[in-house]
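Survey of secondary and tertiary structure
These are the residues of each chain, in order.
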Amino acid sequence: MSDRSTTICPYPASGRSSLGVRKRVLVTGGAGFMGSHLCERLIAEGDEVLCVDNFFTSGRQNIEHLIGQKRFELMRHDVTFPLYVEVDEIYNLACPASPIHYQHDPVQTTKTSVHGAINLLGLAKRLRCPIMQASTSEVYGDPRIHPQPESYWGNVNPIGPRSCYDEGKRCAETLFFDYRRQHGMPVKVARIFNTYGPRMHPNDGRVVSNFIVQALRGEAITIYGDGSQTRSFCFVDDMIDGFRRLMATPDDFTGPVNIGNPREFTIRQLADLVIEMVGSTSSLVHKPLPENDPLQRQPDITLARDALGWQPTTALEEGLKRTIAYFDRLLSSVP
Ligand code: NAD
Ligand code: UDP
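Structure report, in brief. Here, residues in each chain are numbered from 1, in the same order as that chain's written sequence. For naming, the first written chain is A and the first written ligand is 1, with later ones following in the order written. Only residues with pLDDT of 70 or above have their local features reported here, since the model is predicted, and side-chain atom pairs are shown and tallied only from 80 upward, although totals for entire chains, interfaces and linings are computed over all residues. Hydrogens and water molecules were not included; the side-chain quantities draw on all heavy atoms of the structure.

**Points about the overall build of the chain**
Each helix and strand counted, the chain has nine helices and 13 strands in total. Relative to its length of 335 residues, the chain is compact, with a C-alpha radius of gyration of 19 Å against a globular reference of 20 Å. Expressed as lengths along the three principal axes of its C-alpha atoms, the size of the chain is roughly 60 × 45 × 35 Å. Per-residue burial for the chain yields a buried fraction of 56% across its 335 residues. By the criteria applied, helices consist of DSSP H or I runs no shorter than four residues and strands consist of E runs no shorter than two, each listed in order from the N terminus. Only C-alpha atoms enter the radius of gyration, while the globule expectation follows 2.2 Å times N to the 0.38, with N the number of residues. Here the term buried applies to any residue with accessible area under 20% of the maximum for its type, exposed to any over 50%, and partly exposed to those in between, with areas from a 1.4 Å probe on protein chains only.

**Observations concerning the site of ligand 1**
In the region of ligand 1, 29 residues are neighbours, and D53, T57, S58, Y165 and R206 sit closest. For the purposes of these results, a polar contact is taken to be a pair of N or O atoms within 3.5 Å, where, inside protein, one atom must be able to donate a hydrogen and its partner to accept one; residues adjacent in sequence count only when each atom of the pair is a side-chain atom. At a separation of 2.5 Å, an oxygen atom of ligand 1 approaches a polar side-chain atom of Y165. Residue burial considers only the protein chains on display, and all accessible areas are found by Shrake-Rupley using a 1.4 Å probe. Protein contacts shield 96% of the accessible area of ligand 1, which totals 820 Å² for the unbound molecule. The set of elements that each furnish at least two residues to the shell around ligand 1 consists of helix 1 (33-44), strand 5 (131-136) and helix 4 (163-183). Examining the composition of the shell around ligand 1, we find that three residues originate from one element, strand 5, more than from any other. We call a residue near a molecule or strand when any one of its heavy atoms sits within 4 Å of it.

**Overview of the pattern of salt bridges**
Pairs may arise between side chains of opposite charge once their charged atoms sit close together. Salt bridge, as used here: a side-chain nitrogen of Lys or Arg that lies within 4 Å of a carboxyl oxygen of Asp or Glu. Applying the stated rule across the entire model yields 21 salt bridges. Between R126 and E86 there is a salt bridge, and its shortest N-O distance comes to 3.2 Å. Of the two residues, R126 is situated in helix 3 (residues 106-127) and E86 in the loop between strand 3 (72-76) and strand 4 (89-92); the sequence distance between them amounts to 40 residues. With a relative accessible area of 42%, R126 lands in the partly exposed category. When the shortest N-O distance is used, the salt bridge between R297 and E138 registers 2.6 Å. Separated by 159 residues along the polypeptide, R297 in the loop between strand 13 (284-287) and helix 8 (302-308) and E138 in the loop between strand 5 and helix 4 bring together distant segments of the chain.

Following this line, the structure appears as structure tokens:
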């Protein structure tokens, strides 16, 4: 049995599977960039994984190496519909994450966050199990407070082109905390800041994948606006470590907790670094800044440090090296 506290949660802790051997963990969005790394980590740590995905922004290639392993199961399913499975822990990552992906079908994006949260919280309630939500720094919108602590309520446009994602994620957070207040459930909310690494989709339009692919192909690097906007980039292995530590906290720790790398870069600095590391001859080309593009973003990770004992350990240069190697292999394998 798990030692999760029963003082706040009115339910008995489920902890381990009924066989009492190992945990069975549900990862929604498990075939995606971060989901595939999480599945891999869980299996390496001895858990069983049920990976649920509708393959909207991913394919089997991210989890191909796991298919066929005894402790890995794959289910094609859309989280906007109810899911009836038996598990001991849930990580809810299902949602398109890059602006071009989430703006492709904005209504479906909101549904995925909101209906998805309702369905998975309902599942967690029946199973009496902990559930972690992959929330986002986008809940802070274009922030007026810098760096962003969890106490900041944000500056979000409710009707713009990014709103389907930002407001969907905000509403999902609301649902998590209402399920907590109403049903005493052990919920955990991670506010994820820009994360990068191997298995990002080469055409997802995100800045790290775009710049690396453009540099490797010798194409012009597309800087939106003047490139002075900032982001803080976290390598995926560090992020997964943060998820695991968050899930391992006692039931009375819910977050929200920022998980991200506080080292802040301008987009122009990132472009220069990628060009230098790839050894590329790419030039820079400026394109218009997308509407409502946040001008600055940097996590305050005091809470993650204190409550999770977590901080990122991978420098941008090291993470980029591994990501460049991944895209280099990927592009050379495409005829
Ligand atoms: P991703 O697009 O690679 O992965 C998302 C996965 O969810 C994909 O496999 C996709 O097919 C699946 N999916 C989408 N809609 C679904 C649905 N209705 N039902 C089932 N599966 C569905 O993106 P990612 O970068 O791995 O992001 C994972 C999670 O982390 C997302 O919830 C995202 O919002 C969140 N997040 C990511 C970042 C980042 O920088 N990568 C930052 C903040 C938050
Ligand atoms: N960006 C850019 N060129 C690109 C892709 C993105 O200059 O080819 C900028 C984008 O305008 C934003 C930042 O990089 O300011 C991060 O964009 P991304 O889509 O990766 O993430 P998000 O805006 O969701 O943080």
